[in-house]
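The lines below spell out each chain.
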Amino acid sequence: MFTIGVDVGTSAVKVIVMNESGEILRTVSRDYPLYLFGEGCSEQAPEDWWTQTADALRELTKEYADISAISFSGQMHGMVALDGNGNVLRRAILWNDQRTVKECEYLNDTIGREVLLANAANIALTGFTLPKILWVKNNEPGVFAKIKMVMLPKDYIAYKLTGIAASDYSDASGTLLLDVKKCDWSDKMLEIAELTRAQVPKLFASFESVGTVTEGASKETGLPTSCKVVIGGGDQAVGAIGTGTVEEGTCSVSLGTSGVLFVAMDEFAVDNSPAAIHAFAHATGRYHMMGVTLAAAGSFKWWMKTLETKEYKKEEAPITNLGENKIYYLPYLSGERTPHNNPNARGAFVGMTMATTRAEMTQAVLEGVAFSLRDILVRIRALGKKIDTARIIGGGASSPLWCQIVADVLNVKVQKIHSGEGPALGAAILAMVGAGAFASVEGACAKLIRTTDTFTPNADAAKGYDAHYKIYTNLYEALKPMYNAISEV
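This report concerns the structure included in the present document. Quantities reported herein were computed from a predicted structural model and do not represent experimental measurements.

1. Here we look at the overall build of the protein
Alright, step 1. Counting its secondary structure elements, the protein contains 15 helices and 25 strands.
Alright, step 2. Expected size for 489 residues packed as a compact globule is a radius of gyration near 23 Å; at 21 Å, the protein falls within 12% of this value.
Alright, step 3. Each of the three principal axes of the protein carries a C-alpha extent, and together these read 65 × 50 × 45 Å.
Alright, step 4. Scored against the burial criterion, the 489 residues of the protein give a buried share of 61%.
Alright, step 5. The averaged location of the 54 negative side-chain charges in the protein is 0 Å from the averaged location of its 46 positive side-chain charges.

2. What about the nonpolar core?
Alright, step 1. Ranked by internal contacts, the top residues of the largest apolar core, which has 161 residues, are Ile70 and Leu177.
Alright, step 2. Setting aside anything within four residues of it in sequence, one finds Ile70 in contact with Ile4, Val6, Leu57, Leu161, Leu223, Cys227, Lys228, Val229, Val230 and Ala431.

3. Some remarks on the pattern of salt bridges
Alright, step 1. As enumerated under the stated definition, the model contains 22 salt bridges in all.
Alright, step 2. The salt bridge partner of Lys385 is Glu248, with a shortest N-O separation of 3.0 Å. Of this pair, Lys385 sits in the loop between helix H11 (358-382) and strand S23 (389-393) while Glu248 is found in the loop between helix H9 (235-241) and strand S17 (251-255), placing the two residues 137 residues apart along the sequence.
Alright, step 3. Residue classification places Lys385 among the buried positions, given a relative accessible area of 18%.

4. Structural notes on helix H5 (residues 153-162)
Alright, step 1. The element H5 is largely enclosed, with a buried count of 8 among its 10 residues.
Alright, step 2. When H5 is considered as a whole, its buried residues turn out to be Pro153, Lys154, Asp155, Tyr156, Ile157, Ala158, Leu161 and Thr162.
Alright, step 3. The positive-phi residue at the C-terminal boundary of H5 is Gly163, with phi of around 80°.

5. Digging into the side chain of Thr221
Alright, step 1. With respect to the element layout, Thr221 can be found in helix H8 (residues 215-221).
Alright, step 2. Of the polar contacts made by the side chain of Thr221, one reaches the backbone oxygen of Ala217; its length is 2.8 Å.

6. Some words on the sheet that holds strand S20 (residues 287-293)
Within a beta sheet, neighbouring strands are joined by backbone hydrogen bonds and run either parallel or antiparallel to one another.
Alright, step 1. Taken together, the 7 strands give an open sheet; going across it, the order is S19-S20-S18-S17-S23-S24-S25, and neighbouring strands pair in mixed fashion. Unpaired on one side and paired on the other, strand S19 (278-281) and strand S25 (451-455) mark the two borders of the sheet. Ignoring strand direction, the axes of neighbouring strands in this sheet form an average angle of 30°.
Alright, step 2. Here S17 pairs with S23 via 3 bridges, running parallel. Residue pairing for S23: Ser252 is matched across the bridge by Arg391.

7. A short note on the packing of aromatic side chains
Alright, step 1. This model, assessed by the stated rule, comprises 15 aromatic pairs.
Alright, step 2. Between the aromatic rings of Trp302 and Trp303, the centroid separation amounts to 5.9 Å while the plane-to-plane angle is 40°, which identifies the pairing as tilted.
Alright, step 3. Ring plane angle 35° and centroid distance 5.1 Å describe the contact between Phe371 and Tyr472, whose orientation is recorded as tilted. With a gap of 101 residues between them, Phe371 in helix H11 and Tyr472 in helix H15 (residues 459-488) connect regions that are remote in the sequence.
Alright, step 4. Since its relative accessible area comes to 3%, Phe371 is described here as buried.
Alright, step 5. Accessibility expressed as a relative area gives 1% for Tyr472, which makes it buried.
Alright, step 6. Site record: aromatic cluster; members linked through ring pairs are Trp302, Trp303, Tyr329 and Phe349.
Alright, step 7. Residue placement shows Arg91 over the ring face of Tyr35; its charged tip is 4.0 Å from the ring centre.

8. Describing the environment of Lys132
Alright, step 1. Topologically, Lys132 is positioned in helix H3 (residues 129-139).
Alright, step 2. Its relative accessible area of 0% is what places Lys132 among the buried residues.
Alright, step 3. Between the C-alpha atom of Lys132 and that of Leu152, which follows or precedes it by 20 residues, the distance is 12 Å.
Alright, step 4. If we ignore the near neighbours within four places in the chain, the residues touching Lys132 are His77, Met79, Ile93, Leu94, Trp95, Thr100, Thr126 and Gly127.

9. Topic: the state of the cysteines
Alright, step 1. Counting across every chain of the model gives 0 disulfides.
Alright, step 2. With no disulfide of its own, Cys445 lies 15 Å from the sulfur of Cys251, the closest cysteine sulfur.

About the criteria used
Residues numbered from 1 in each chain as written. Predicted model: local features only at pLDDT ≥ 70, side-chain atom pairs only at ≥ 80, totals over all residues. Heavy atoms only, no water. Helix = DSSP H or I, 4+ residues; strand = E, 2+ residues; numbered from the N terminus. Rg over C-alpha atoms; globule rule 2.2 N^0.38 Å. Buried < 20%, exposed > 50% of the residue type's maximum accessible area, 1.4 Å probe, protein only. Lys, Arg positive; Asp, Glu negative; His and termini not counted. Charge placed at Lys NZ, Arg CZ, Asp CG, Glu CD. Core = buried A, V, L, I, M, F, W, Y, C linked by side-chain atoms within 4.5 Å. Contact = heavy atoms within 4.5 Å. Salt bridge = Lys/Arg side-chain N within 4 Å of Asp/Glu carboxyl O. Polar contact = N/O pair within 3.5 Å; in protein donor to acceptor, adjacent residues only side chain to side chain. Pairing = 2+ DSSP bridges. Axes fitted to C-alpha atoms, helices over the stretch in contact; angles between N-to-C directions. Phe/Tyr/Trp six-rings, centres within 6.5 Å; stacked < 30°, edge-to-face > 60°. Lys NZ or Arg CZ within 6 Å of the ring centre and 35° of its normal. Disulfide = S-S within 2.5 Å.

Purely spatial values, then, with no claim about function.
In C-alpha coordinates, the structure reads:
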(Lines give C-alpha, C1' and ligand atoms only; values in the text may rest on other atoms or scores of the structure.)
Protein backbone atom coordinates (compact mmCIF):
# COMPACT_ATOMS: atom_id res chain seq x y z
CA MET A 1 0.00 0.00 0.00
CA PHE A 2 1.21 3.48 -0.90
CA THR A 3 -0.23 6.69 0.54
CA ILE A 4 0.53 10.32 -0.22
CA GLY A 5 0.85 13.15 2.28
CA VAL A 6 0.49 16.71 1.01
CA ASP A 7 1.62 19.69 3.06
CA VAL A 8 0.18 22.94 1.67
CA GLY A 9 2.62 25.39 3.24
CA THR A 10 3.07 29.13 3.01
CA SER A 11 6.12 29.06 0.75
CA ALA A 12 5.69 25.72 -1.01
CA VAL A 13 3.72 22.51 -1.26
CA LYS A 14 5.53 19.33 -0.21
CA VAL A 15 4.27 15.94 -1.37
CA ILE A 16 5.57 12.60 -0.06
CA VAL A 17 4.91 8.95 -0.91
CA MET A 18 4.98 6.48 1.99
CA ASN A 19 4.65 2.71 2.22
CA GLU A 20 2.77 0.97 5.03
CA SER A 21 5.99 0.44 6.98
CA GLY A 22 6.30 4.20 7.30
CA GLU A 23 9.19 4.52 4.87
CA ILE A 24 9.14 7.74 2.86
CA LEU A 25 9.98 6.71 -0.68
CA ARG A 26 9.98 10.03 -2.50
CA THR A 27 9.53 13.73 -1.76
CA VAL A 28 8.67 16.48 -4.24
CA SER A 29 8.28 20.21 -3.53
CA ARG A 30 6.93 23.05 -5.61
CA ASP A 31 7.13 26.75 -4.75
CA TYR A 32 4.47 29.40 -5.35
CA PRO A 33 4.30 33.18 -4.90
CA LEU A 34 3.50 34.96 -1.63
CA TYR A 35 2.08 38.46 -2.01
CA LEU A 36 3.11 40.85 0.80
CA PHE A 37 1.94 44.44 0.60
CA GLY A 38 0.56 47.37 2.58
CA GLU A 39 0.55 47.24 6.36
CA GLY A 40 0.86 43.54 7.10
CA CYS A 41 -1.20 42.21 4.18
CA SER A 42 -0.37 38.64 3.11
CA GLU A 43 -2.11 36.74 0.31
CA GLN A 44 -1.73 33.79 -2.05
CA ALA A 45 -3.63 32.57 -5.09
CA PRO A 46 -5.41 29.24 -4.40
CA GLU A 47 -5.04 28.41 -8.09
CA ASP A 48 -1.25 28.42 -7.53
CA TRP A 49 -1.63 25.87 -4.73
CA TRP A 50 -3.58 23.58 -7.05
CA THR A 51 -1.35 24.03 -10.10
CA GLN A 52 1.81 23.24 -8.15
CA THR A 53 0.25 20.39 -6.17
CA ALA A 54 -1.07 18.77 -9.35
CA ASP A 55 2.36 19.15 -10.95
CA ALA A 56 4.08 17.50 -7.97
CA LEU A 57 1.53 14.68 -7.97
CA ARG A 58 2.09 14.04 -11.68
CA GLU A 59 5.81 13.62 -11.03
CA LEU A 60 5.22 11.17 -8.17
CA THR A 61 2.54 9.09 -9.85
CA LYS A 62 4.78 8.43 -12.83
CA GLU A 63 6.80 6.26 -10.44
CA TYR A 64 4.11 5.25 -7.92
CA ALA A 65 0.82 4.79 -9.73
CA ASP A 66 -1.01 2.54 -7.24
CA ILE A 67 -1.90 5.13 -4.59
CA SER A 68 -4.51 3.93 -2.10
CA ALA A 69 -5.18 7.21 -0.31
CA ILE A 70 -4.06 10.82 -0.10
CA SER A 71 -4.39 13.26 2.79
CA PHE A 72 -3.39 16.78 3.67
CA SER A 73 -1.79 19.18 6.08
CA GLY A 74 -2.53 22.81 5.40
CA GLN A 75 -1.55 26.27 6.53
CA MET A 76 -4.42 27.27 8.78
CA HIS A 77 -6.92 30.16 8.77
CA GLY A 78 -6.50 31.24 5.12
CA MET A 79 -9.81 32.46 3.66
CA VAL A 80 -10.65 30.86 0.30
CA ALA A 81 -13.84 32.32 -1.19
CA LEU A 82 -15.62 30.54 -4.06
CA ASP A 83 -18.56 31.56 -6.22
CA GLY A 84 -21.44 29.32 -7.27
CA ASN A 85 -19.35 27.70 -10.01
CA GLY A 86 -16.48 26.85 -7.69
CA ASN A 87 -14.28 29.66 -9.01
CA VAL A 88 -11.99 31.61 -6.68
CA LEU A 89 -13.33 35.12 -6.08
CA ARG A 90 -10.13 36.73 -4.77
CA ARG A 91 -6.69 35.74 -3.53
CA ALA A 92 -6.72 33.97 -0.17
CA ILE A 93 -6.00 36.13 2.88
CA LEU A 94 -3.43 34.17 4.90
CA TRP A 95 -2.80 33.25 8.53
CA ASN A 96 -0.10 35.91 9.01
CA ASP A 97 -2.16 38.76 7.57
CA GLN A 98 -2.64 41.60 10.07
CA ARG A 99 -5.23 43.83 8.37
CA THR A 100 -8.19 42.75 10.53
CA VAL A 101 -7.45 44.73 13.70
CA LYS A 102 -10.79 46.60 13.59
CA GLU A 103 -12.72 43.39 12.92
CA CYS A 104 -11.04 41.71 15.91
CA GLU A 105 -11.84 44.70 18.12
CA TYR A 106 -15.47 44.44 17.00
CA LEU A 107 -15.59 40.73 17.78
CA ASN A 108 -13.75 40.87 21.12
CA ASP A 109 -15.22 44.11 22.44
CA THR A 110 -18.63 44.59 20.79
CA ILE A 111 -19.73 40.98 20.36
CA GLY A 112 -17.70 40.18 23.48
CA ARG A 113 -15.06 37.68 24.53
CA GLU A 114 -17.59 35.78 26.63
CA VAL A 115 -19.78 35.14 23.58
CA LEU A 116 -16.76 34.02 21.53
CA LEU A 117 -15.44 31.68 24.23
CA ALA A 118 -18.90 30.19 24.80
CA ASN A 119 -19.54 29.56 21.12
CA ALA A 120 -16.08 29.08 19.56
CA ALA A 121 -13.76 28.41 22.56
CA ASN A 122 -11.37 31.15 21.40
CA ILE A 123 -11.18 34.92 21.19
CA ALA A 124 -10.69 36.76 17.90
CA LEU A 125 -7.15 37.06 16.56
CA THR A 126 -6.06 38.73 13.34
CA GLY A 127 -4.89 35.38 11.98
CA PHE A 128 -8.28 33.66 12.31
CA THR A 129 -10.71 33.26 9.41
CA LEU A 130 -13.83 35.00 10.72
CA PRO A 131 -12.14 38.42 11.00
CA LYS A 132 -11.03 38.00 7.36
CA ILE A 133 -14.61 37.24 6.31
CA LEU A 134 -15.80 40.39 8.09
CA TRP A 135 -12.99 42.41 6.48
CA VAL A 136 -14.14 41.31 3.03
CA LYS A 137 -17.75 42.12 3.96
CA ASN A 138 -16.73 45.59 5.13
CA ASN A 139 -14.22 46.42 2.39
CA GLU A 140 -15.20 44.32 -0.63
CA PRO A 141 -19.00 44.00 -0.42
CA GLY A 142 -19.23 43.02 -4.08
CA VAL A 143 -16.99 40.00 -3.45
CA PHE A 144 -18.82 39.10 -0.24
CA ALA A 145 -22.17 39.10 -2.02
CA LYS A 146 -20.90 36.48 -4.49
CA ILE A 147 -19.54 34.04 -1.89
CA LYS A 148 -21.20 30.64 -2.09
CA MET A 149 -18.51 28.71 -0.17
CA VAL A 150 -15.75 29.62 2.30
CA MET A 151 -13.05 27.02 2.83
CA LEU A 152 -9.47 26.63 4.03
CA PRO A 153 -6.29 26.13 1.97
CA LYS A 154 -5.97 22.35 2.18
CA ASP A 155 -9.73 22.00 1.71
CA TYR A 156 -9.41 23.72 -1.65
CA ILE A 157 -7.00 21.00 -2.82
CA ALA A 158 -9.39 18.29 -1.59
CA TYR A 159 -12.21 20.09 -3.40
CA LYS A 160 -10.24 20.15 -6.65
CA LEU A 161 -9.62 16.41 -6.32
CA THR A 162 -13.17 15.38 -5.41
CA GLY A 163 -15.58 18.21 -6.23
CA ILE A 164 -16.72 17.95 -2.59
CA ALA A 165 -16.59 20.89 -0.18
CA ALA A 166 -15.23 19.32 3.02
CA SER A 167 -13.17 20.31 6.03
CA ASP A 168 -12.09 18.77 9.32
CA TYR A 169 -12.48 19.70 12.97
CA SER A 170 -8.84 20.64 13.64
CA ASP A 171 -8.54 23.12 10.76
CA ALA A 172 -12.07 24.46 11.29
CA SER A 173 -11.15 25.21 14.92
CA GLY A 174 -9.05 28.13 13.67
CA THR A 175 -11.89 29.76 11.74
CA LEU A 176 -13.71 31.06 14.84
CA LEU A 177 -16.84 29.56 13.29
CA LEU A 178 -16.62 26.14 14.98
CA ASP A 179 -18.10 25.11 18.31
CA VAL A 180 -14.90 23.28 19.22
CA LYS A 181 -16.36 21.27 22.10
CA LYS A 182 -19.26 19.98 19.98
CA CYS A 183 -17.16 19.69 16.79
CA ASP A 184 -19.85 21.36 14.74
CA TRP A 185 -20.32 24.73 13.08
CA SER A 186 -21.66 27.27 15.55
CA ASP A 187 -24.96 28.78 14.45
CA LYS A 188 -24.21 31.88 16.54
CA MET A 189 -20.82 32.45 14.90
CA LEU A 190 -22.25 31.86 11.42
CA GLU A 191 -24.91 34.46 12.20
CA ILE A 192 -22.17 36.94 13.17
CA ALA A 193 -20.39 36.18 9.89
CA GLU A 194 -23.65 36.53 7.95
CA LEU A 195 -23.08 33.08 6.48
CA THR A 196 -25.34 30.02 6.29
CA ARG A 197 -24.42 26.39 6.76
CA ALA A 198 -24.69 26.01 2.98
CA GLN A 199 -21.69 28.36 2.66
CA VAL A 200 -19.31 26.30 4.82
CA PRO A 201 -17.98 22.78 4.12
CA LYS A 202 -19.26 19.54 5.54
CA LEU A 203 -17.14 18.49 8.53
CA PHE A 204 -15.22 15.22 8.99
CA ALA A 205 -12.65 13.77 11.35
CA SER A 206 -9.14 14.27 9.97
CA PHE A 207 -8.72 10.54 9.26
CA GLU A 208 -12.01 10.13 7.38
CA SER A 209 -12.33 9.75 3.63
CA VAL A 210 -14.59 12.34 1.98
CA GLY A 211 -14.66 10.70 -1.43
CA THR A 212 -12.44 9.53 -4.28
CA VAL A 213 -10.57 11.29 -7.07
CA THR A 214 -12.73 12.47 -9.99
CA GLU A 215 -11.97 11.57 -13.61
CA GLY A 216 -10.89 15.14 -14.35
CA ALA A 217 -8.57 15.34 -11.34
CA SER A 218 -7.15 11.92 -12.19
CA LYS A 219 -6.11 13.22 -15.61
CA GLU A 220 -4.49 16.28 -14.03
CA THR A 221 -2.61 14.46 -11.27
CA GLY A 222 -2.14 10.84 -12.31
CA LEU A 223 -3.94 9.61 -9.18
CA PRO A 224 -6.28 6.66 -9.79
CA THR A 225 -10.01 7.28 -9.46
CA SER A 226 -10.03 4.62 -6.74
CA CYS A 227 -7.73 6.76 -4.54
CA LYS A 228 -9.44 7.76 -1.29
CA VAL A 229 -9.22 11.44 -0.39
CA VAL A 230 -8.80 11.69 3.38
CA ILE A 231 -9.46 15.24 4.54
CA GLY A 232 -6.46 15.68 6.86
CA GLY A 233 -6.13 18.74 9.08
CA GLY A 234 -4.46 21.97 10.04
CA ASP A 235 -0.69 21.97 9.81
CA GLN A 236 -0.07 22.04 13.56
CA ALA A 237 -2.41 19.18 14.40
CA VAL A 238 -1.13 17.09 11.49
CA GLY A 239 2.46 18.01 12.30
CA ALA A 240 1.78 16.73 15.81
CA ILE A 241 0.61 13.43 14.28
CA GLY A 242 3.95 13.37 12.44
CA THR A 243 5.77 13.53 15.79
CA GLY A 244 3.52 11.08 17.63
CA THR A 245 2.10 13.84 19.86
CA VAL A 246 -1.23 12.11 20.30
CA GLU A 247 -1.57 11.00 23.94
CA GLU A 248 -2.81 13.17 26.81
CA GLY A 249 -0.18 15.71 27.91
CA THR A 250 2.33 14.98 25.15
CA CYS A 251 3.94 18.09 23.69
CA SER A 252 5.51 19.16 20.41
CA VAL A 253 7.38 22.27 19.33
CA SER A 254 7.38 23.47 15.72
CA LEU A 255 10.14 25.75 14.48
CA GLY A 256 8.70 26.58 11.10
CA THR A 257 8.03 30.06 9.69
CA SER A 258 5.92 30.49 12.79
CA GLY A 259 6.66 28.74 16.07
CA VAL A 260 4.12 26.60 17.88
CA LEU A 261 3.97 24.85 21.24
CA PHE A 262 1.29 22.14 21.08
CA VAL A 263 -0.14 19.92 23.85
CA ALA A 264 -2.50 16.99 23.20
CA MET A 265 -5.54 16.54 25.47
CA ASP A 266 -8.12 13.82 25.91
CA GLU A 267 -10.77 16.20 27.26
CA PHE A 268 -11.90 19.61 26.04
CA ALA A 269 -10.61 22.62 27.98
CA VAL A 270 -10.71 26.34 27.26
CA ASP A 271 -8.43 29.18 28.38
CA ASN A 272 -10.55 32.02 29.77
CA SER A 273 -7.60 34.36 30.30
CA PRO A 274 -6.49 37.17 27.96
CA ALA A 275 -3.43 35.06 27.08
CA ALA A 276 -5.20 33.59 24.04
CA ILE A 277 -4.03 29.98 24.30
CA HIS A 278 -5.91 28.23 21.49
CA ALA A 279 -8.38 25.47 22.36
CA PHE A 280 -8.71 23.38 19.20
CA ALA A 281 -9.79 19.94 18.06
CA HIS A 282 -6.92 17.52 17.39
CA ALA A 283 -6.51 15.41 14.26
CA THR A 284 -6.80 12.33 16.48
CA GLY A 285 -10.48 13.04 17.11
CA ARG A 286 -9.82 14.57 20.54
CA TYR A 287 -8.47 18.02 21.50
CA HIS A 288 -5.34 20.10 21.95
CA MET A 289 -4.09 23.44 23.23
CA MET A 290 -1.46 25.49 21.47
CA GLY A 291 0.14 28.89 21.34
CA VAL A 292 1.81 30.59 18.40
CA THR A 293 4.71 32.97 17.92
CA LEU A 294 4.41 34.37 14.43
CA ALA A 295 8.08 34.65 13.41
CA ALA A 296 10.23 31.69 14.52
CA ALA A 297 12.33 30.31 11.67
CA GLY A 298 10.92 33.35 9.88
CA SER A 299 13.00 35.51 12.23
CA PHE A 300 16.13 33.55 11.47
CA LYS A 301 15.50 33.70 7.72
CA TRP A 302 14.99 37.47 7.96
CA TRP A 303 18.23 37.87 9.94
CA MET A 304 20.26 35.80 7.49
CA LYS A 305 18.76 37.72 4.56
CA THR A 306 19.56 41.02 6.28
CA LEU A 307 23.17 39.89 6.68
CA GLU A 308 23.18 38.62 3.09
CA THR A 309 24.24 35.24 4.45
CA LYS A 310 22.80 32.03 3.01
CA GLU A 311 23.80 29.72 5.82
CA TYR A 312 24.44 29.82 9.54
CA LYS A 313 27.97 29.08 10.72
CA LYS A 314 28.31 27.22 13.99
CA GLU A 315 31.25 29.32 15.12
CA GLU A 316 29.04 32.41 15.15
CA ALA A 317 27.38 31.29 18.39
CA PRO A 318 29.46 28.74 20.32
CA ILE A 319 27.33 26.45 22.44
CA THR A 320 29.65 26.95 25.42
CA ASN A 321 28.08 30.28 26.41
CA LEU A 322 24.38 29.37 26.42
CA GLY A 323 22.56 31.27 29.14
CA GLU A 324 25.15 34.05 29.20
CA ASN A 325 24.31 36.18 26.17
CA LYS A 326 23.15 39.67 27.20
CA ILE A 327 21.70 40.70 23.84
CA TYR A 328 17.92 40.31 23.61
CA TYR A 329 15.78 39.84 20.53
CA LEU A 330 11.99 40.20 20.48
CA PRO A 331 10.71 38.13 17.51
CA TYR A 332 7.65 40.21 16.71
CA LEU A 333 8.31 40.80 13.01
CA SER A 334 4.71 39.91 12.11
CA GLY A 335 3.08 41.15 15.29
CA GLU A 336 2.54 38.57 18.01
CA ARG A 337 -0.20 36.13 18.86
CA THR A 338 0.42 34.20 22.09
CA PRO A 339 0.25 35.37 24.81
CA HIS A 340 0.12 39.06 23.87
CA ASN A 341 -2.38 39.04 20.99
CA ASN A 342 -0.84 42.27 19.67
CA PRO A 343 -0.68 42.79 15.90
CA ASN A 344 1.11 46.12 16.51
CA ALA A 345 4.10 44.46 18.22
CA ARG A 346 7.39 44.85 16.37
CA GLY A 347 10.76 43.10 16.44
CA ALA A 348 13.61 44.60 18.43
CA PHE A 349 17.21 44.05 19.49
CA VAL A 350 18.07 45.36 22.95
CA GLY A 351 21.36 45.47 24.85
CA MET A 352 23.93 46.15 22.13
CA THR A 353 27.19 47.98 22.87
CA MET A 354 30.15 48.97 20.74
CA ALA A 355 31.59 45.55 21.59
CA THR A 356 28.54 43.57 20.41
CA THR A 357 29.36 41.00 17.75
CA ARG A 358 27.29 39.61 14.92
CA ALA A 359 27.58 36.21 16.61
CA GLU A 360 25.89 37.50 19.75
CA MET A 361 23.05 39.00 17.73
CA THR A 362 22.59 35.78 15.76
CA GLN A 363 22.46 33.82 19.00
CA ALA A 364 19.98 36.34 20.39
CA VAL A 365 17.62 35.60 17.48
CA LEU A 366 17.62 31.89 18.34
CA GLU A 367 17.16 32.63 22.02
CA GLY A 368 14.43 35.23 21.47
CA VAL A 369 12.30 32.71 19.59
CA ALA A 370 12.84 30.19 22.40
CA PHE A 371 11.81 32.81 24.98
CA SER A 372 8.65 33.44 22.97
CA LEU A 373 7.90 29.70 23.08
CA ARG A 374 8.48 29.79 26.84
CA ASP A 375 5.78 32.48 27.08
CA ILE A 376 3.38 29.86 25.71
CA LEU A 377 4.64 27.06 27.95
CA VAL A 378 4.26 29.21 31.08
CA ARG A 379 0.61 29.79 30.28
CA ILE A 380 -0.15 26.15 29.43
CA ARG A 381 1.49 25.03 32.67
CA ALA A 382 -0.65 27.55 34.53
CA LEU A 383 -3.66 25.70 33.12
CA GLY A 384 -2.50 22.55 34.91
CA LYS A 385 -0.53 20.74 32.21
CA LYS A 386 2.72 19.09 33.29
CA ILE A 387 5.25 19.22 30.46
CA ASP A 388 8.72 17.70 30.80
CA THR A 389 9.42 16.53 27.23
CA ALA A 390 8.74 18.02 23.80
CA ARG A 391 9.23 16.60 20.31
CA ILE A 392 10.58 19.13 17.84
CA ILE A 393 9.92 19.58 14.11
CA GLY A 394 10.24 22.28 11.46
CA GLY A 395 13.17 23.76 9.59
CA GLY A 396 14.70 25.12 12.78
CA ALA A 397 14.87 21.61 14.23
CA SER A 398 17.69 20.81 11.79
CA SER A 399 20.00 22.95 13.96
CA PRO A 400 21.35 21.02 16.99
CA LEU A 401 22.27 24.37 18.54
CA TRP A 402 18.73 25.68 18.33
CA CYS A 403 17.35 22.41 19.71
CA GLN A 404 19.69 22.72 22.69
CA ILE A 405 18.71 26.36 23.25
CA VAL A 406 15.02 25.37 23.23
CA ALA A 407 15.74 22.58 25.75
CA ASP A 408 17.62 24.97 28.04
CA VAL A 409 15.17 27.87 27.79
CA LEU A 410 12.08 25.68 28.29
CA ASN A 411 13.95 23.41 30.75
CA VAL A 412 12.47 20.28 29.15
CA LYS A 413 13.93 17.36 27.24
CA VAL A 414 13.68 17.96 23.50
CA GLN A 415 13.45 14.95 21.21
CA LYS A 416 13.91 14.73 17.45
CA ILE A 417 12.14 12.05 15.48
CA HIS A 418 13.37 9.87 12.65
CA SER A 419 11.86 12.07 9.94
CA GLY A 420 11.98 15.79 9.39
CA GLU A 421 8.86 15.78 7.23
CA GLY A 422 6.49 16.60 10.11
CA PRO A 423 3.14 17.70 8.60
CA ALA A 424 3.61 15.78 5.33
CA LEU A 425 4.40 12.62 7.33
CA GLY A 426 1.37 13.22 9.55
CA ALA A 427 -0.79 13.57 6.46
CA ALA A 428 0.50 10.30 5.02
CA ILE A 429 -0.27 8.60 8.35
CA LEU A 430 -3.83 9.98 8.29
CA ALA A 431 -4.16 8.61 4.76
CA MET A 432 -3.06 5.20 6.08
CA VAL A 433 -5.75 5.30 8.77
CA GLY A 434 -8.37 6.48 6.26
CA ALA A 435 -7.42 3.63 3.93
CA GLY A 436 -7.91 1.08 6.71
CA ALA A 437 -4.28 0.10 7.30
CA PHE A 438 -4.58 1.07 10.98
CA ALA A 439 -7.57 1.15 13.31
CA SER A 440 -6.57 4.45 14.92
CA VAL A 441 -4.18 7.37 14.61
CA GLU A 442 -2.62 6.44 17.93
CA GLY A 443 -1.98 2.89 16.74
CA ALA A 444 -0.41 4.14 13.54
CA CYS A 445 1.88 6.56 15.40
CA ALA A 446 2.96 3.88 17.87
CA LYS A 447 4.19 1.74 14.98
CA LEU A 448 5.50 4.36 12.57
CA ILE A 449 7.09 7.11 14.72
CA ARG A 450 10.40 6.71 16.54
CA THR A 451 12.63 9.20 18.32
CA THR A 452 16.32 9.72 17.57
CA ASP A 453 18.32 12.48 19.26
CA THR A 454 17.47 13.83 22.72
CA PHE A 455 18.63 17.24 23.98
CA THR A 456 18.71 17.36 27.77
CA PRO A 457 18.65 20.74 29.54
CA ASN A 458 21.98 21.92 30.90
CA ALA A 459 21.40 22.99 34.52
CA ASP A 460 23.74 26.00 34.39
CA ALA A 461 22.37 27.24 31.06
CA ALA A 462 18.78 26.75 32.22
CA LYS A 463 19.50 28.79 35.36
CA GLY A 464 21.04 31.57 33.26
CA TYR A 465 18.07 31.58 30.92
CA ASP A 466 15.67 31.85 33.87
CA ALA A 467 17.25 35.20 34.75
CA HIS A 468 17.32 36.41 31.15
CA TYR A 469 13.71 35.37 30.59
CA LYS A 470 12.56 37.75 33.32
CA ILE A 471 14.28 40.60 31.49
CA TYR A 472 12.82 39.44 28.17
CA THR A 473 9.24 39.55 29.50
CA ASN A 474 9.80 43.01 30.98
CA LEU A 475 11.06 44.28 27.61
CA TYR A 476 7.72 43.59 25.95
CA GLU A 477 5.85 45.54 28.62
CA ALA A 478 8.34 48.42 28.38
CA LEU A 479 8.07 48.63 24.59
CA LYS A 480 4.31 48.06 24.32
CA PRO A 481 3.40 51.80 24.41
CA MET A 482 5.92 52.43 21.62
CA TYR A 483 4.35 49.72 19.43
CA ASN A 484 1.00 51.48 19.60
CA ALA A 485 2.60 54.87 18.95
CA ILE A 486 4.44 53.52 15.89
CA SER A 487 1.23 52.07 14.47
CA GLU A 488 -0.49 55.46 14.78
CA VAL A 489 2.21 57.54 13.06
